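# Commentary on secondary and tertiary structure
The lines below spell out each chain.
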Amino acid sequence: VQLQASGGGLVQVGGSLRLSCAASGRTFSDYAMGWFRQAPGKEREFVAGINRSGGSLYYAGLVQGRFTISRDNAKSTVDLLMNRLQPEDTAVYYCAARLASETMVILTGASAYGHWGQGTLVTVSS
């Protein structure tokens, strides 16, 4: 599956952005999806994940309550709505996919995901 992320940009503290990731090439609903981010000088970290049907979600503690992940299997897209953005949210954001059964738990390790988008930069200014 090929992934294309978009929607990044410059936003002020407290603002919102919606990232989108479009998938192509394979059956999108066969994949659990995740969003990760990597800030300069830091390791890539898990942000949010969603299972194949969209019925199970999981968030990193730092974004819980501010970010919302969703997917549209008919459109082969997964979105990340980010509210109340803070300077520490500044990073390159990546969408990722992994083949998974519907009941598999959402994994947070980057190595579990075999397919990655190119990344989209989010900059939060104070």
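Structure: see above.
Residues numbered from 1 in each chain as written. Predicted model: local features only at pLDDT ≥ 70, side-chain atom pairs only at ≥ 80, totals over all residues. Heavy atoms only, no water.

Looking now at the overall build of the protein. The helix and strand tally for the protein stands at zero helices and 11 strands. Tracing the protein from N to C terminus, the helices and strands come up as β-β-β-β-β-β-β-β-β-β-β. Computed over its C-alpha atoms, the radius of gyration of the protein comes to 13 Å, within 12% of the 14 Å expected for a compact globule of 126 residues. Principal-axis analysis of the C-alpha atoms gives the protein an extent of 40 × 25 × 25 Å. Counting the 126 residues in the protein, one finds 43% classified as buried. (Helix = DSSP H or I, 4+ residues; strand = E, 2+ residues; numbered from the N terminus. Rg over C-alpha atoms; globule rule 2.2 N^0.38 Å. Buried < 20%, exposed > 50% of the residue type's maximum accessible area, 1.4 Å probe, protein only.)

Once that is clear, we can look at the state of the cysteines. Enumeration according to the criterion identifies one disulfide in this entry. Linked covalently through their sulfurs, C21 and C95 form a disulfide whose S-S length is 2.1 Å. Note on the C21 and C95 pair: the S-S dihedral is about 60 degrees, so by sign convention the disulfide is right-handed. Of this pair, C21 sits in strand 3 (residues 17-24) while C95 sits in strand 9 (residues 91-99), and the two are 74 residues apart along the sequence. (Disulfide = S-S within 2.5 Å.)

Spatially, the four strands line up as an open sheet ordered 1-3-8-7, and their pairing is antiparallel. Each having just a single partner strand, strand 1 (2-6) and strand 7 (67-72) make up the two edges of the open sheet. Neighbour-to-neighbour, the strand axes of the sheet open up by a mean angle of 15 degrees, direction not taken into account. Sheet topology places strand 1 next to strand 3; five bridges connect them, and they run antiparallel. By the bridge assignment, Q4 is partnered in strand 3 with A22. (Pairing = 2+ DSSP bridges. Axes fitted to C-alpha atoms, helices over the stretch in contact; angles between N-to-C directions.)

Positioned with a positive phi, S76 is a non-glycine residue whose angle comes to about 60 degrees. On the secondary structure map, S76 appears in the loop between strand 7 and strand 8 (77-82). Taking the relative accessible area as the measure of exposure, S76 reaches 17% and is therefore buried. Even without being glycine, R84 reaches a positive phi, approximately 50 degrees. As for its placement among the helices and strands, R84 is situated in the loop between strand 8 and strand 9.

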